[in-house]
Amino acid sequence: MGTVEPQVAASSDAEQRAQLDGFQLVIEALKLNGLDTIYGLPGIPITDLTRRAQAAGLRVLSFRHEQNAGYAASIAGFLTQRPGICLTVSAPGFLNGLNALAHATVNCFPMILISGSSEREIVDLQQGDYEEMDQLAIAKPVAKAAFRVLHAEDIGVGVARAIRAAVSGRPGGVYLDMPAKLFAQSIDSSLGKNSLIKVVDPAPKQIPAPEAVKRALDLLKSAKKPLIILGKGAAYAQADAEIKALVEETGIPYLPMSMAKGLLPDTHEQCASAARSFVLPAADVVMLIGARLNWLLSHGKGKTWGGKGAKDWGGQKFVQIDISPQEADSNVRIDAPLVGDIGSCVSSLLNEMKSGWTKPPADWVNAINEKKNGNVAKMAETLAKNPSPMNFHSALNVVRDIVRANPEAMFVNEGANALDFTRSIVDMYRPRKRIDVGTWGIMGVGMGYCVAAAVCTKQQVIAVEGDSAFGFSGMEVETICRYNLPVCIVIMNNNGVYKGTDKDPTGRDPAPTVFVKDARYDKLMEAFGGVGVHATTPAELRKAMEEAIRSKKPTLINAAIDETAGTESGRITSLNPTAGKKK
Ligand SMILES: Cc1ncc(C[n+]2csc(CCOP(=O)(O)OP(=O)(O)O)c2C)c(N)n1
Ligand SMILES: [Mg+2]
């Protein structure tokens, strides 16, 4: 019902055969630009698009909820520097995908949400069409750009504009609206082919100005206590060798933000992660590479940075490498903005450094190492304990070993405590292996990320999930089993959001933060033919993870964690309004 048969099959008439319809033009436009994977969910008006795309050789991954398809597309964009394509049906499907589009924009991931929509004439007169909604207007505020294509001959331009908008400059989410009628339109095949555009140089290099490079280096040279912060923009840039060379040749200690972990191995001697709360307030010049001074870095001021009050400047000067000229001064003064693509900026710095460079003072480096060694020793003690029931530390000690033994594996992580403990305990060794909740600290990215990570990298995927976090996308374990992806999910099951011990003071209902006690998420996996394991000790967890990686079978391990082990909101308790009031 409502679907359109391809024109080619409809008639044997030669003239008819020399036609291309909207469906085919969309497929050809994507193929022409090397976009060979679609993450979506079928239905009117795009069911035939999914079928015909698959028949045409594209990979079509069909999800159980559009939000997960969208998150998959967004992270595919991050991993590949090509826009991830998400395909949804009109109104409700579109809205389900919209969250991921906003997420892509906020995180600077290139993604294109293509959504079918209802008849323009009826939508605009608000006459009550099937799934009526003015989708373009709704997408605009959360997208980097939004376009609608009304005529088959404009599909090529529409797709080209969407690609350029998604990947050029600061990447983001782009919405492409395709009303149902568009897919059924046919145009002359040679006209159609001619209308397609293969996008040339979609993300042009942006070379920094020489004086900006010099300014940045002069500031760095003046530092007594310099620090580099690597953000996920640095990971996205795929300038891994240049970034490593810059860090090592400057000799400056560095902090990786969560998704920049592994750009250099976390075990690198210059990595200051284990001394974060020492280096941020103590540093005098900080170079941000693809990292924004947002809430994740306490806006570059306040007590984290050695400021006296919550909003006071800590006295640091900043070099900021960013592709967007608007980023500088967003929170504090940036003394040396370096605007350009990260690869070009870092290469320019390296070139300019050839005229002479002195490594940072030894007392700064030694002080950091002392802090680091102390903290690492303390952590090692905690990790070596083997309490019963298992807690986050004893479970993550196992995950840490497994990741060290499998450095090429992709690593997905979400939750509160399940995120914060994992980020600090599990070291990463290679670039772009760790993908997580990102700028918004969003729950629900987990299973979509697992699918895209497996599909894009063809590597083993390991996911560490809070039991609450997992619930947002849990049904996609069917998708993981259906495509037989090498995904090993470890659920840190502490019976709830943050912990499992809250009580309803009236005694009527379960507390808002708790779930069914001792739930067996492993059984969910078994329902779809995957491997489910219930692990109550680190030894059981280790055995199950090793087996999952050896077999490559979709596996879900329900790790039973002490329900009292977590803290409210993990590491960001201070952002709770009640905590704010107490300050
Ligand atoms: C989409 C979305 N909804 C709600 C939240 C609020 N939130 C933050 S962490 C979290 C879940 C924490 O529980 P869990 O994943 O079990 O981790 P734990 O701390 O228990 O290890 C929630 C609901 C969010 N970040 N994103
Ligand atoms: Mg939990």
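Preceding block: the structure.
As a starting point, this report considers the structure included with it. Just so we're clear, the structure is a prediction, and the values are computed from it rather than from any experiment.

### Concerning the overall build of the protein chain
Right, on to step 1. When helices and strands are tallied, the protein chain shows 25 helices and 19 strands.
Right, on to step 2. In terms of overall dimensions, the protein chain is globule-like: its C-alpha atoms have a radius of gyration of 25 Å, near the 25 Å expected for 583 residues.
Right, on to step 3. Its C-alpha atoms give the protein chain principal-axis dimensions of roughly 80 × 65 × 50 Å.
Right, on to step 4. By the burial criterion, 55% of the 583 residues in the protein chain qualify as buried.
Right, on to step 5. Taking the contacts inside the protein chain whose residues are at least 6 apart along the sequence as the reference set, 76% of them involve residues at least 24 apart.
Right, on to step 6. Put simply, the protein chain shows about 24,200 Å² of open surface, and 53% of that area lies on carbon and sulfur atoms.
Right, on to step 7. In the protein chain, 64 positive and 61 negative side-chain charges are present, and the distance between their average locations comes to 6 Å.

### Regarding the site of ligand 1
Right, on to step 1. Surrounding ligand 1, one finds 16 residues, the nearest of these being Asn417, Gly441, Asp467, Ser468 and Ala469.
Right, on to step 2. Separating an oxygen atom of ligand 1 from a backbone N or O atom of Ala469 is a distance of 2.9 Å.
Right, on to step 3. In the model, an oxygen atom of ligand 1 is placed 3.1 Å from a nitrogen or oxygen of the Tyr498 main chain.
Right, on to step 4. Starting from 590 Å² of accessible surface for ligand 1 in isolation, the protein chains cover 75%.
Right, on to step 5. Breaking the shell around ligand 1 down by element, the ones donating at least two residues are helix H19 (417-425) and helix H21 (467-471).
Right, on to step 6. Looking at the shell around ligand 1, the element that brings in the most residues is H21, giving 3 residues.

### Describing the packing of helix H12 (residues 210-221) against helix H16 (residues 342-353)
Right, on to step 1. Here H12 crosses H16 at 65°, and the two axes come no closer than 10 Å. Put simply, H12 runs roughly perpendicular to H16. Judged by the sense of rotation from one axis to the other, the crossing of H12 with H16 is right-handed. In this structure, H12 contributes Val213, Lys214, Ala216 and Leu217 to the contact, and H16 contributes Ser348, Leu349, Glu352 and Met353.
Right, on to step 2. Residue composition of the contact of H12 with H16, by class: 5 nonpolar, 1 polar and 2 charged.

### Focus: the layout of surface pockets
Right, on to step 1. Estimated volume of the second largest pocket: approximately 260 Å³.
Right, on to step 2. Lining the second largest pocket are 15 residues, and of these Asp36, Thr37, Tyr39, Thr80 and Cys456 sit closest to its centre.
Right, on to step 3. For the lining of the second largest pocket, the secondary-structure elements that each account for two or more residues are strand E2 (37-40), helix H5 (66-80), strand E4 (84-88) and helix H20 (446-457).
Right, on to step 4. Each residue belonging to the lining of the second largest pocket can be placed in one class, and the counts come to 7 nonpolar, 4 polar and 4 charged.

### Here we look at the coordination of the magnesium ion (ligand 2)
Right, on to step 1. Around the magnesium ion (ligand 2), the protein contributes the donor atoms Asp467 (OD), Asn494 (OD1) and Gly496 (O), at 2.0 to 2.1 Å from the metal centre.
Right, on to step 2. For the magnesium ion (ligand 2), all donor residues lie on one chain, and their spacing in sequence is D-x26-N-x1-G. Taken as a pair, Asp467 in helix H21 and Asn494 in the loop between strand E17 (487-493) and helix H23 (521-526) lie far apart in primary sequence, 27 residues in all. Each member of the pair Asp467 and Asn494 is classed as buried.

### Things to note about the packing of aromatic side chains
Right, on to step 1. Going through the model one piece at a time under the given rule, you end up with 9 aromatic pairs.
Right, on to step 2. Centroid distance Phe78 to Phe109: 5.3 Å. Interplanar angle 55°. Geometry classified as tilted. Here Phe78 is found in helix H5, whereas its partner Phe109 is found in the loop between helix H6 (92-107) and strand E5 (111-117), with 31 residues between them in sequence.
Right, on to step 3. Judged by relative accessible area, Phe78 falls into the buried class, the value being 1%.
Right, on to step 4. The buried category is assigned to Phe109, whose relative accessible area is 1%.
Right, on to step 5. Cluster of aromatic residues (ring-pair linked, three or more members): Phe78, Phe109 and Tyr236.

### A look at the environment of Gly77
Right, on to step 1. Residue position: Gly77 is located in helix H5.
Right, on to step 2. Judged by its relative accessible area of 0%, Gly77 falls in the buried class.
Right, on to step 3. Sequence separation between Gly77 and Ala166 is 89 residues, and the spatial gap between their C-alpha atoms is 9.1 Å.

### Points about the pattern of salt bridges
Right, on to step 1. Evaluated as defined, the whole model comprises 27 salt bridges.
Right, on to step 2. The partner of Asp322 in a salt bridge is Arg170, with the nearest N and O atoms 2.9 Å apart. Here Asp322 is found in strand E12 (residues 317-322), whereas its partner Arg170 is found in the loop between helix H9 (155-167) and strand E7 (173-179), with 152 residues between them in sequence.
Right, on to step 3. Taking the relative accessible area as the measure of exposure, Asp322 reaches 7% and is therefore buried.

So, how was this worked out
Residue indices follow the written sequence of each chain, beginning from 1 at its first position. Numbering of ligands from 1 and lettering of chains from A proceed in the order in which they are written. Owing to the predicted nature of the model, reporting of local features is limited to residues with pLDDT of at least 70; listing and counting of side-chain atom pairs is limited to 80 or more, with chain, interface and lining totals taken over all residues. Side-chain metrics in this entry use all non-hydrogen atoms of the structure; hydrogen atoms and water are not considered. Where helices and strands are cited, they refer to DSSP runs of H or I of at least four residues and of E of at least two residues respectively, numbered from the N terminus. Throughout, the radius of gyration refers to the C-alpha atoms, and the reference size of a globule is 2.2 Å times the residue count to the power 0.38. Whether a residue is buried, partly exposed or exposed follows from its accessible area with a 1.4 Å probe, protein chains only, as a fraction of its type maximum: under 20%, in between, or over 50%, in that order. In this analysis, two residues are considered to be in contact whenever any of their non-hydrogen atoms come within 4.5 Å of each other. Note on areas: Shrake-Rupley with a 1.4 Å probe; residue coverage comes only from the protein chains shown. Charge convention: Lys and Arg are scored as positive, Asp and Glu as negative, and His as well as the terminal groups of each chain are ignored. A single reference atom marks each charge: NZ on Lys, CZ on Arg, CG on Asp, CD on Glu. Each residue is tested against the molecule or strand, and it is near if at least one of its non-hydrogen atoms lies within 4 Å. Counting of polar contacts relies on pairs of N or O atoms within 3.5 Å, with two restrictions inside protein: one atom must be capable of donating a hydrogen and the other of accepting it, and residues adjacent in sequence are counted only when both atoms are side-chain atoms. Axis definition: a line fitted to C-alpha atoms, over the contacting stretch in the case of helices. Angles run 0 to 180 degrees between N-to-C directions. In what follows, roughly perpendicular refers to angles from 65 to 115 degrees, roughly parallel to angles under 35, roughly antiparallel to angles over 145, and oblique to any angle outside these ranges. Helix crossings get a hand from a simple test, with the near helix turned counterclockwise from the far one by less than a right angle marking a left-handed crossing and a clockwise turn marking a right-handed one. When residue character is reported, Ala, Val, Leu, Ile, Met, Phe, Trp, Tyr, Cys and Pro are called nonpolar, Asp, Glu, Lys and Arg charged, and the others, Gly included, polar. Lining residues are defined by having an atom within 4 Å of a point belonging to a cavity or pocket. Those points lie on a 1 Å grid over the protein atoms alone, cavities being sets where a 1.4 Å probe fits but cannot get out and pockets being open sets with protein on both sides within 12 Å along at least five of seven lines. Grid points are joined across faces, edges and corners, and a volume is the space filled by probe spheres set on the points. Only nitrogen, oxygen and sulfur atoms qualify as donors, provided they sit within 2.8 Å of the metal or within 3.2 Å for Na, K and Ca; with water excluded from the atoms, sites may seem incomplete. Each aromatic pair joins two rings of Phe, Tyr and Trp (for Trp, the six-membered one) with centres within 6.5 Å, and gets the label stacked for planes under 30 degrees apart, edge-to-face for over 60, and tilted for any other angle. By convention in these notes, a salt bridge is any Lys or Arg side-chain nitrogen within 4 Å of a carboxyl oxygen on Asp or Glu.

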